[in-house]
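The primary structure of each chain is shown beneath.
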Amino acid sequence: MQRSNKNSILFILLSLVLVSFFIMNISLGAVKIPLEDVVKSITGGTAAKETWQYIIINYRLPKAITAVVVGMGLSVSGLLMQTLFRNPLAGPYVLGLSSGASLGVAFVLLGAGMLPAALSIFFLSPYGIVLASTLGSLLVLLAVLLVARRLRDTMAILIVGLMFGSFTGAIVGILTFFSTAEQLQKFTFWSLGSLGNLPWGHVGIMATVCAAGLMLAACCIKPLNALLLGERYAISMGINFRRTRFIIIAATSLMAGGITAFAGPIAFVGLAVPHMAKLLFRTSSHFVLYRATLLIGGIIVLLCDTLTQLPGNNFILPVNAITSIIGAPVVVWLLLRRRKGIYS
Amino acid sequence: MGEAKTILSAEGLSIGFRAKKGASGIAHHINLDLKAGTLTALIGANGIGKSTLLRTLTGLQKPLAGNILLNGRDISGYAPHALAQQLSLVLTGGLPPSNLSIYELVALGRQPYTNWLDALSPEDHKEVNKAMELTQTAHLAGKKYYELSDGQLQKVLIARALAQNTPLILLDEPTTHLDLLHKAGLLKLLKKLSAEAGKCILYSTHDIDLALQLSDELIVMAEGSIMQGTPQHLISRNAFNTIFRDESIVFDASKGGFTINL
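Under an unreviewed UniProt entry, the name given to chain B is ABC transporter ATP-binding protein, and the source organism is Flavobacterium cyanobacteriorum. Among the UniProt annotations of chain B, the heading Subcellular location (unreviewed entry) holds the following wording: "Cell membrane".

Per an unreviewed UniProt entry, the recorded name for chain A is Iron ABC transporter, and the organism is Flavobacterium cyanobacteriorum. In UniProt, chain A has this text filed under Sequence similarities (unreviewed entry): "Belongs to the binding-protein-dependent transport system permease family. FecCD subfamily." Looking at chain A in UniProt, the text filed under Subcellular location (unreviewed entry) is "Cell membrane".

Okay, here's the thing in structure tokens:
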């Protein structure tokens, strides 16, 4: 009972941090805007200058919302993967889901020219990109799942993810030979990963796709708890394993695919955030971890995005650089902490 | 024992795997009858099909022929959820890495009774505590499962099965990796649970001498034959000499164990 009080306090604190990071993220940028005007603009009032309001509503607010959606979606995908594969190092980026999504997008951005005009218009629309990206990540996930059934070794699964990364890299390399400079530029910018420059319409599609994934994931909270003891115990406790696996795969593909379609491949968030949640709450209950991962995921990506603006007024670092600087040491640290085959 | 209720029974059961080129059977014509309040040991040499039999009895694997009746109803007719309230498992092998505390692990046994968010009601907490007291694991509640010794973990896994509150519990080699003291302690615990809580318990084991002393009944799996009965009954029928097809290993009825002739 003491534990649940402590959890409630942590949840309230995390929510406050999320809200304040959200406001901080919006108030920072090349143009200095007073906090008062920032709050007014978000809450529907009018800022002192019209340009400020324009910047906030059309540029900073969609970027902050994108950051929160990306953080939540990728982190929850990571949590789902880690429990499903019984592998603490699993995550959408490490398992190659983001590479799969990249491949889907690469086919669309670089190869659409080869399709009949009507099809190429559909595939170059945001819906077409989401579809291609989701299918790409679904394909990789199914391949990883197939390997995981044959190999019980958790490390082998990670190596398969790595191989998919190289494989998609190679395919993309071949595609670039046949594409125009303009297509290539578009794809290169996309592949660097970026939270900004998304129009409201795209943010809306991404948020809807992610919300669907998050809802599916919420339906799996109980079976995920059972899966902590492995497949056979889960079945013996009345869990429909096939259905659960299907829902988890659908949710993960939707979230990883939808996010990667618009924001590009974002590294390490999906791997690191669930571990932060597990360390902070010291539990395996997915009811707690699900909510904790949502909040921490939003916070971390908002923070990373804020850091990309640090070097000065005219530079914006790629968000992938920041997430990797934070995420890669986390992976090394997790490996070093491994005791008796147990990770944190 | 005559009036005890039959929980699980099998008739004319054939077990094995369905391959592409027809089925390959492992054992045939199996007849079993497991009653409430009875502790039954399943013994047999390595590779004879004990695990396959247990998997088949739990409904994880379809029988090649014959029926398995649970409370008089065919086991394949149970929905997963309903089956989980009748039958619980204790398996061998390590658990996947996680942060589970012992209390959380035992509480997972309440899954067939919790809501979609897996929230525990006061009733659930009561059952979890009862299971931990019965297995004398209450003092471990706050620990992580990877901090426990093999013997402690085995008891905790039994507590989880008890929390599931099923009339039937199946255990796959629960005494492996334990020393004699803990083997005996564990079997005494199972005996107590069957006698006092009225559970029907079936466990597979290689410790035949201990099984003979502490079980109410045994099922002996040998090539071509499967016998069930009380220890005395099976000894009188010379069942134990059929287990190992090796002339140097001989069952000594007077000692209740095997002797090895060099």
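Asks: Now, about the overall build of chain A: what can you tell me, with residues and values included?
Replies: In terms of helices and strands, chain A carries 15 helices and zero strands. A globule of 344 residues ought to have a C-alpha radius of gyration of about 20 Å, and chain A, at 20 Å, matches this closely. Counting the 344 residues in chain A, one finds 54% classified as buried. Considering only residue pairs separated by 6 or more positions, chain A has 78% of its internal contacts joining residues 24 or more positions apart. Total accessible area on chain A stands at roughly 15400 Å², and carbon and sulfur atoms take up 71% of it. Averaged over its 24 positive side-chain charges, chain A has a centre that lies 19 Å from the centre of its 7 negative ones.

Asks: Report on unusual backbone geometry, specifying residues and quantitative values.
Replies: Residue and element names in this part refer to chain A. One non-glycine residue, Asn-197, lies in the positive phi region at around 65°. Tracing the backbone shows Asn-197 in the loop between α8 (181-192) and α9 (200-219). Note on Asn-197: relative accessible area 66%, which makes it exposed.

Asks: Can you tell me about the UniProt feature "transmembrane region" (unreviewed entry) in chain A, naming the residues and giving the values?
Replies: As recorded in UniProt, the sites labelled "transmembrane region" (unreviewed entry) are residues 64-81, 93-115, 127-148, 155-180, 200-225, 246-268, 288-308 and 315-336 of chain A. Taken end to end, residues 315-336 of chain A is 82% helix and 0% strand, and its two terminal C-alpha atoms sit 35 Å from one another.

Asks: How would you sum up the side chain of A:Ser75? Please name residues and give values.
Replies: Mapped onto the secondary structure, A:Ser75 falls in helix α3 (residues 50-84). When near neighbours in sequence (up to four residues on either side) are disregarded, A:Ser75 contacts A:Val269, A:Gly270, A:Val273, A:Pro274, A:Thr293 and A:Gly297.

Asks: I'd love a proper account of the pairing of strand β7 (residues 168-171) of chain B, names of residues and values included.
Replies: Residue and element names in this part refer to chain B. On β7, burial covers both faces: Leu-168 and Leu-170 on one face and Ile-169 and Leu-171 on the other are all buried. Pairing of strand β6 (residues 87-90) with β7 involves four bridges; the strand directions are parallel. Within the sheet, the bridge partner assigned to Leu-89 lies in β7 and is Leu-170. Two elements, β7 and strand β8 (residues 200-204), share four bridges in a ladder whose sense is parallel. Note that in β8 the partner of Ile-169 across the bridge is Ile-201. Running through helix α6 (residues 180-196), the crossover from β7 to the neighbouring parallel element β8 is right-handed.

Asks: So what's going on with the interface of chain B and chain A? Residues and values would help.
Replies: In this assembly, 33 residues from chain B lie in contact with 31 residues from chain A. Summing both sides of the interface, chain B and chain A together bury roughly 2800 Å²; the carbon and sulfur share of this comes to 61%. Summed over the three residues of chain B that lose the most area to chain A, namely B:Asn99, B:Gln111 and B:Tyr146, the buried surface amounts to 21% of that side. Linking chain B to chain A there are zero salt bridges. The tally of links from chain B across to chain A stands at eight residue pairs in polar contact (both at pLDDT 80 or more). Among the secondary structure elements, those contributing two or more residues to the side of chain B that touches chain A are α2 (80-84), β6, α3 (102-107) and α5 (150-163) of chain B. Of the residues contributing to the side of chain B that touches chain A, the split by class is 19 nonpolar, nine polar and five charged.

Asks: An account of helix α15 (residues 319-336) of chain A is requested, with residue identities and associated values reported.
Replies: Residues and elements named next belong to chain A. With 18 residues, α15 extends 26 Å between its outermost C-alpha atoms, agreeing within 8% with the 26 Å of an ideal straight helix rising 1.5 Å per residue. At Ile-325, α15 is bent by approximately 25°, the largest bend along its length, and proline Pro-329 sits one to four residues beyond. Buried residues of α15: Val-319, Asn-320, Ile-322, Thr-323, Gly-327, Val-330, Val-331 and Leu-334, and no others. Contacts from the buried residues of α15 go to α8, α13 (269-281) and α14 (286-308).

Asks: I'd like a rundown of the domain arrangement of chain B, residues and numbers included.
Replies: All names here are of chain B. In terms of domain boundaries, chain B breaks down into domain 1 (1-82 + 167-262) and domain 2 (87-165). The straight-line distance from the C-alpha centre of domain 1 to that of domain 2 is 25 Å. Across the contact, 21 residues belong to domain 1 and 17 residues belong to domain 2. Summed over both sides, the interface of domain 1 with domain 2 buries roughly 1700 Å², with 70% coming from carbon and sulfur.

Asks: Run through the pairing of strand β12 (residues 257-260) of chain B, naming residues and quoting values.
Replies: Residue and element names in this part refer to chain B. Strand direction decides the pairing type here: strand β11 (residues 249-252) and β12, joined by four bridges, are antiparallel. Across the sheet, the residue bridging to Val-250 is Thr-259, located in β12. Count of turn residues in the β11/β12 antiparallel hairpin: four residues, of which Gly-256 carries a positive phi of about 70°.

Asks: Quick one: what's the story with the nonpolar core, residue by residue and with numbers?
Replies: Among the nonpolar cores identified, the biggest contains 185 residues, and A:Val70, A:Phe85, A:Leu95, B:Leu53, B:Leu57, B:Val106 and B:Phe240 are the most heavily contacted of them. Looking at this core element by element, the count peaks at 15 residues for α3(A). When residues are assigned to domains, this core turns out to be shared by domain 1 (1-82 + 167-262) and domain 2 (87-165) of chain B, each giving three or more. Leaving out residues up to four positions away in the same chain, A:Val70 has contacts with A:Leu195, A:Met206, A:Ile259, A:Ala263, A:Ile266 and A:Val301.

Rules behind the numbers
Counting restarts for each chain: residues are numbered from 1 in the order of the written sequence. Think of it this way: whatever chain is written first is A, whatever ligand is written first is 1, and the rest follow in order. The predicted origin of the model limits local features to residues at a pLDDT of at least 70 and limits the giving and counting of side-chain atom pairs to 80 or more, whereas totals for whole chains, interfaces and linings rest on all residues. Note that water and hydrogens are dropped before the side-chain values are worked out from all heavy atoms of the structure. UniProt positions are given in the numbering used here, feature names are shortened, and annotations may be inferred rather than shown by experiment. The helix count covers DSSP runs of H or I at least four residues long, the strand count covers runs of E at least two residues long, and both are numbered beginning at the N terminus. Radius of gyration here is computed from C-alpha atoms only, and the compact-globule reference equals 2.2 Å multiplied by the residue count raised to the power 0.38. Only protein chains enter the calculation, and the probe is 1.4 Å; a residue is then buried if its accessible area is under 20% of its type maximum, exposed if over 50%, and partly exposed in between. Throughout, a residue-residue contact means that at least one pair of heavy atoms, one from each residue, lies within 4.5 Å. Here the open area of atoms and residues is found with the Shrake-Rupley method and a 1.4 Å probe, where only the protein chains shown may cover a residue. In summary, the charge assignment counts Lys and Arg as positive and Asp and Glu as negative, without counting His or the chain termini. One atom stands in for each charge, and that atom is NZ of Lys, CZ of Arg, CG of Asp or CD of Glu. At least two DSSP bridges between two strands are required for those strands to pair. With its strands directed away from the observer, a crossover is right-handed exactly when the path from the first strand over the helix to the second travels clockwise. Note: buried area is the sum, over both parts, of the accessible area (probe 1.4 Å) each one loses when the two are combined. We count a salt bridge whenever a side-chain nitrogen from Lys or Arg sits within 4 Å of a carboxyl oxygen from Asp or Glu. The term polar contact refers here to a pair of N or O atoms within 3.5 Å; inside protein, the definition further demands a hydrogen-donor-capable atom paired with an acceptor-capable atom, and it admits residues adjacent in sequence only when both atoms are side-chain atoms. Residue classes follow a fixed rule: Ala, Val, Leu, Ile, Met, Phe, Trp, Tyr, Cys and Pro count as nonpolar, while Asp, Glu, Lys and Arg count as charged, and any other residue, Gly among them, counts as polar. Helix span, expected: 1.5 Å multiplied by one less than the number of residues in the helix. In this scheme, the bend at a residue equals the angle between the axes fitted to the seven residues that finish there and the seven that begin there. An automatic or database domain assignment supplies the start and end points of every domain. Among buried residues, those of type Ala, Val, Leu, Ile, Met, Phe, Trp, Tyr and Cys that are joined through side-chain atoms within 4.5 Å constitute a nonpolar core.

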